[in-house]
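# Observations on the three-dimensional arrangement
Single-letter residue listing:
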Amino acid sequence: MRKQISQAEKVRLRQRKHIAFRMNLLFFCIFFLFSLLIFRLGYLQIVKGKDYTLLLEMKEEIPVNTSVPRGRIYDRNGNVLVDNEPKNAITYTKTTSTTSKEMLEIARDLAQLIEQDTKRITLGDKRDFWILLNPKKAEKKVTAEEIEALRKKHDTWTEKEIQKEINQMTRDRITDKELDSLTKKDLEVLAIYREMMSGYAYSPQIIKSDNVTEIEFARVSERLNDLPGVDTTTDWDRIKVSDNTLIGSTTTPLQGIPRTRLDYFLARDYSRNDRVGISYLEQSYEELLRGQKTVVKNVKDRTGRVVETVTVREGEPGKDLVLTLDSELHETLEQIVSDKLLAWKQVRTSGLLDRAFLVMMNPNNGEVLALIGKQLVQDKDTGKWIVQDYAFGTFTSAYEVGSTVKLATVLTGYSENVLSIGEVKIDEPIYIAGSSVKQSLFNRGGNRIAINDIEALGKSSNVYMFKIAISLGDAVYRPNKPLPINIEGFDRLRESYASFGLGVKTGIDLPGEYAGYPGTETISGKLLDLSIGQFDTYTPLQMAQYVSTVANGGYRIAPRIVKEIREPSPDGSVFGVLVQETEAVVLNRVKNTDEEIEQVKKGMLYTYGPRGTAPNLFANAEYTAAGKTGTAQSAYYDGTDRSKYGTKTVNLTHVGFAPFDTPEIAFSIVIPNVSTDRNDYTSKWSNDLAREALDIYFDLKKRRIQEEQSVTTDLPIRRKLEQEGNKN
């Protein structure tokens, strides 16, 4: 007989089934979660393991500012222009776990060992230090009631913002009497402490590097084990042997990175107190000159405390730069330009003269041998005129250059098929309705003179150029009638000029280059002015590139200042291993044929002939030169005296090259505002400077060749003496 199950038993059976189901569900969930965990761990270890390992290593490797010396800068002959001078330094490096209290104790210990200048301490520094020394008194500066009122008034502020306001209130309520309680020794401790606080974790901060005595250096060195984070090391001062402003400048460790470029440098592993280049070569070649910091790997324990520091990569000094500049040539020419500028200033009509420029470069490869700019300023105390370096003005300031552009005008006429080689035109006064007469200086009598292209360049015929410009503007000249032109003539002429380097950046390896200013008027008279260099403005460096393009047969080459990049010199006297030699950069080839360029060169040779604008200038020279003079009568003063802005003046220019058959040196001279007399066309200042500059170049070359020959002649004797010395 089947046993009957009671109702209570049925309830218990159902409960057991529910419990079993729940347990199974629980075990399944646990199994599923463990499976996910194992899968995730496997994914992280097998698939992503290497990535996370690399990421960890990247986080642990820290560039450390070991104050490596910046690269030296030499001239082309190995003369040092910028060097580094070592000096003793005391540094401090804090870690992420270093407390303010620990740093204060170290600062107190250091104050017993060194003397620290307190001039850089600010009022804010004093207030913060007083709070650090008097925490309880500082806490009472702001009452609990004031804090509560502050919270109610600014109920939307975060706790961080509230605390910031409390801290400011505390600082503001510190009295002068309380600050005066800081002793001289306290201030010295503060001066050390503020330097310790200014750096980042693991980034050495210079505590003292100026005037560290041998005694101070020795004292600190002996106590390094008692001064965690403190180290004695070598810092470097940047020493400029040359006054050339093109070298540029750097910040000091105290100045650090300029605020305007802070993000840029910090993203490249710089520290805030790193010295960086802030102008010209020091800025342009910062990445090479800076050197490489030491990279270390910090090994930490489980608490995050650094227990070991391993060097991953040693620091390296910066690369050395060898410049194209010839410092002996440059300095000699600098002195000449300076002396002449002071002498010219004494002339009655030269009241607005305040600068002069001379550029010399190799026309075949763009190497700049001399980049000279000098500017007159008046001494505030004595009232005398003194000369300042203005070399950067050779590529950052532009001027109307007058007839020196006529080489490009004639070559444009050839390339645009409005002029043929040897073509004869009539030099005669040009009368355009509504305009004053336009004529050539050599033909002031208003005669009709037939001249060809060579004579037009050598005699500097304005009218010959005007007639080329009229053809470029698709116009027909009729005396005393309007001269309607196609304004595309401006574009045709300027585009051709640009191919020679006029009105465009030269491509020099220095920052801040200016392209010049193109005139905006498009009336016919201005096109004619443009063709003789009395409308647009050009830089002295553009003029040197332009004449170099003619000299080398039509190739526009970018001028350059840096010749070579080398490994650091071991002693500053011997070049390091060559890393890179900068090559000539050809920007373009002009559209003229070799025959057309040679024709223009003949016109430049005519300039120095008996009937040229600089007759017999190089008659007795040991070399043959070719060039072009220029006078801009339409110049307007825009120098340092703002009260004279807009005054009409005269600019003098001169471009050329030598030797004529095998050009090796090209030059440009620009002397703005030589006279306020618009009829003063007879000044020979630029001619005299051109002759002296080329004489100095070739005399220096001759002397060096003789010295090299002398060394070669003496070499066997020297070797014999060395051999005899070795035997003994």
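Whatever comes next refers back to the structure up there.
What counts and how
- Residues numbered from 1 in each chain as written.
- Predicted model: local features only at pLDDT ≥ 70, side-chain atom pairs only at ≥ 80, totals over all residues.
- Heavy atoms only, no water.
- Helix = DSSP H or I, 4+ residues; strand = E, 2+ residues; numbered from the N terminus.
- Rg over C-alpha atoms; globule rule 2.2 N^0.38 Å.
- Buried < 20%, exposed > 50% of the residue type's maximum accessible area, 1.4 Å probe, protein only.
- Contact = heavy atoms within 4.5 Å.
- Areas by Shrake-Rupley, 256 points an atom, 1.4 Å probe, with all protein chains shown as cover.
- Pairing = 2+ DSSP bridges.
- Axes fitted to C-alpha atoms, helices over the stretch in contact; angles between N-to-C directions.

## Thoughts on the overall build of the chain
The helix and strand inventory of the chain stands at 23 helices and 20 strands. Its C-alpha atoms give the chain a radius of gyration of 38 Å, clearly above 27 Å, the size a compact globule of 728 residues would have. Its C-alpha atoms give the chain principal-axis dimensions of roughly 145 × 95 × 75 Å. With 728 residues in all, the chain has 48% of them scored as buried. Once local pairs closer than 6 in sequence are excluded, the contacts in the chain between residues at least 24 apart make up 71%. Surface summary for the chain: the accessible area is close to 38,200 Å², and the carbon and sulfur share equals 52%.

## Examining the sheet that holds strand β18 (residues 626-636)
Strands sit in the order β11-β10-β9-β20-β19-β18 across an open sheet of 6 strands; the sheet is antiparallel. Where the open sheet ends on each side, the last strands, each with one partner, are β11 (385-389) and β18. Shown here is a sheet whose adjacent strand axes are inclined to one another by a mean of 15°, direction ignored. Direction of pairing for strand β19 (residues 648-658) relative to strand β20 (residues 665-675): antiparallel, over a ladder of 8 bridges. Note that in β20 the partner of Leu 652 across the bridge is Ile 671. Relative to β18, helix α22 (residues 594-607) is tilted by about 80°, and along the sheet it contacts β18 and β19.

## Here we look at the pairing of β11
Pairing geometry for strand β10 (residues 368-378) and β11, over 5 bridges, is antiparallel. Bridged to Gln 375 within β11 is Gln 388. Linkage of β10 to β11, two consecutive antiparallel strands, is achieved through a turn of 6 residues, within which Gly 383 is found at a positive phi near 80°.

Purely spatial values, then, with no claim about function.
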